[in-house]
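# Coordinate inspection notes
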Amino acid sequence: MKIAIASGKGGTGKTTLSTNLSAYLAEKHKVVLVDLDVEEPNSGLFLKADLHYSEDKYKMIPEWNSTACTLCGNCQMVCNYHAVLRIMDDIMVFPELCHSCYACSELCPTNSLPMVAKKMGELKHFKTSNFDFIESRLVIGEEQAVPLIKQTQTYVDSKFSDDVIKIFDSPPGTSCPVIEATKDADFIILITEPTPFGFNDLKLAIETMKELKKEFAIVINRHGIGNDDVNNYCIENNIPIIAKIPNDKEIAKLYSKGELLYDKIPEVRIQLGSICSYILDIKEKI
Amino acid sequence: MKEIVVISGKGGTGKTSIATSFAVLGANDIVIADCDVDAADMHILLQPKNSISEDFISGELALIDQDACTQCGKCFDVCRFDAIDVNNGIHIVDELSCEGCGYCARVCPVEAITNIPQNIGQWHIAETRFNQPFVHAKLGIGADNSGKLVAHVKNKAKEVAKELNKSFIIVDGSPGVGCPVVSSLSGAHFVVLVTEPTVSGLHDLKRVYELVKKFHIKAGCIINKADLNKQKAEEILEFMKEEEIVHLANIPYDETFTEAMTDCKAIVEIEDSEVKHLIIDAWNKVKEINK
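I will try to describe carefully the structure that is included in this document.

Cut-offs applied
- Residues numbered from 1 in each chain as written.
- Chains lettered and ligands numbered in written order.
- Predicted model: local features only at pLDDT ≥ 70, side-chain atom pairs only at ≥ 80, totals over all residues.
- Heavy atoms only, no water.
- Contact = heavy atoms within 4.5 Å.
- Buried area = accessible area lost by both parts, 1.4 Å probe.
- Salt bridge = Lys/Arg side-chain N within 4 Å of Asp/Glu carboxyl O.
- Polar contact = N/O pair within 3.5 Å; in protein donor to acceptor, adjacent residues only side chain to side chain.
- Helix = DSSP H or I, 4+ residues; strand = E, 2+ residues; numbered from the N terminus.
- Nonpolar A, V, L, I, M, F, W, Y, C, P; charged D, E, K, R; others polar.
- Phe/Tyr/Trp six-rings, centres within 6.5 Å; stacked < 30°, edge-to-face > 60°.
- Buried < 20%, exposed > 50% of the residue type's maximum accessible area, 1.4 Å probe, protein only.
- Lys NZ or Arg CZ within 6 Å of the ring centre and 35° of its normal.

## Describing the interface of chain B and chain A
In many analyses, interface size is given as the accessible surface area lost on bringing the parts together. Residue-level contacts link 60 residues of chain B with 60 residues of chain A. Between chain B and chain A lies a buried interface of about 5,100 Å² when both sides are counted; carbon and sulfur atoms form 56% of it. For Glu 207 of chain A, the salt bridge identified is with Lys 138 of chain B, shortest N-O distance 3.9 Å. Where chain B packs against chain A, one counts 29 residue pairs in polar contact (both at pLDDT 80 or more). At the level of secondary structure, the elements contributing two or more residues to the side of chain B that touches chain A comprise α1 (15-25), α2 (42-46), α4 (103-107), β7 (133-139), α6 (179-185), α7 (199-214) and α9 (256-262) of chain B. Considering each element in turn, the side of chain B that touches chain A owes the most residues, 9 residues, to α7 of chain B. A class-by-class count of the residues in the side of chain B that touches chain A yields 25 nonpolar, 18 polar and 17 charged.

Okay, here's the thing in structure tokens:
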């Protein structure tokens, strides 16, 4: 079973929920936590874990070989991303714009643009005392998160069977990286805070999940601040709110030090229990 | 004209609250650009009026004409994005996976595939409730090309700033280090990093600053909720010193932040708050550096 934790707005508690829920679930179940926020992976900062395996991840980009090139310009013409340009007697490749579609390479009449591997990130597989943790991190300057997210999910699929509960800590926003991180999930938890920003971005996230035809539920974090708009909206639209994590400076302090909450703050444990039973009900149904 | 970009790496550190406050303080000498196009929030506080909106067309998706298609499978063979689904021998495009490279259309022997330009969102030019020019946008759900929409919003803001002879453009950026952030940094004059003294705040600050350095842009930093963890705040100050990042302000953990947002106001509109004066000082430093 795959559960993605997403949010729309950044900083609403995705990582807090992902790490604490994983630790809580792992007391009784087989769990793997996967940090798919490859631009800013944070889950690992909250876990005591030993490195089990790591590998570099690559994307394929064309590299110009001038020997046989006739400078016909076909490569430039077929590239929809303006990643290959002919400038005077040179063919220039802009790797950060390349989507690795292979068109320029395979359609080159003289095979002058062979595809070569370029490192885009690192995948690391850790083991905590009772669950597995996988994170991928994008090389700084690399613009596209999607290929790395995709390869990370492939790794997870190859290493863990269906009965393992997989928690995906997803990137913020509603654009392509979020789609990639959530589109294979069986269930999505959207975590928000009850403020105007949280509410606005939650509505965008809900729209996204409806577009993907995903089943989802809401967790309200920092409950007690802001106003009732999120709560009322969910009730009016029959969207389940499965937990409310209180606004508590003690939680913020523990978070700041990189500590987990599930074994320290009783109210958090109660809320995790409620999320857990909701998830297990869905797991039964699948 | 100077372009000031507010980013953070980590989400939820107070970027938009700070950027909106700078916008209010900038009064009639600025143009505002909300470049967090996939979760834009500035409009909530700035309540734009007289808005003119336009669709933003960028990128393409493949479409297979089933009447012309011979189901030969060439498109399936060349697609690197697993975007051609085959159902009972019928080839169709999975729109969520298609990245619009156009390779399939080029190899289709019967020209059954067309590339359809995509409407990926809307951008708006408006006036804030303080009568300042305000450019913002909304990316379509799950859309690609957020970097291009960011570039478009920034270019429009630049045009307006030049035309009206304004001194500053305030840009509210996205979290992360990916394409929208890269796009918001391109051409910027100064970066305001908003962080918090948490393990993740510092971790993400370091990553996003590595990106800023690639652009050779001078940066300043605001530590929000600075008293939450004094040791982490010290570590951030040390990092700033090493990297010669200008310290703009330490803002204490203060519920005024959320209260102002709940009232749809910028923090600097809340009278007699300590936070207000700290942000005014920070803005004055930014102005001084970018004279």
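## Looking at the packing of aromatic side chains
In this description, an aromatic ring pair is defined by two values, namely the gap between the centres and the angle between the planes. Scanning the entire structure with this criterion turns up 8 aromatic pairs over all chains. Between the aromatic rings of Phe 22 of chain B and Trp 283 of chain B, the centroid separation amounts to 5.2 Å while the plane-to-plane angle is 40°, which identifies the pairing as tilted. On the criterion of sequence distance, the pair formed by Phe 22 of chain B in helix α1 and Trp 283 of chain B in helix α10 (residues 274-289) is long-range, its members being 261 residues apart. Like Phe 22 of chain B, the residue Trp 283 of chain B is buried in the burial classification. Measuring from centroid to centroid gives 6.1 Å for Tyr 209 of chain B and Phe 239 of chain B, while their planes differ by 90°, and the two rings are edge-to-face. Of this pair, Tyr 209 of chain B sits in helix α7 while Phe 239 of chain B sits in helix α8 (residues 230-243); the two residues are 30 residues apart in sequence, bridging distant segments of the chain. Between the NZ or CZ atom of Lys 203 of chain A and the centre of the ring of Phe 199 of chain A, over which it lies, the distance is 4.2 Å. Across from the ring centre of Tyr 102 of chain A, 3.7 Å away, lies the NZ or CZ of Arg 80 of chain B, which sits over that ring.

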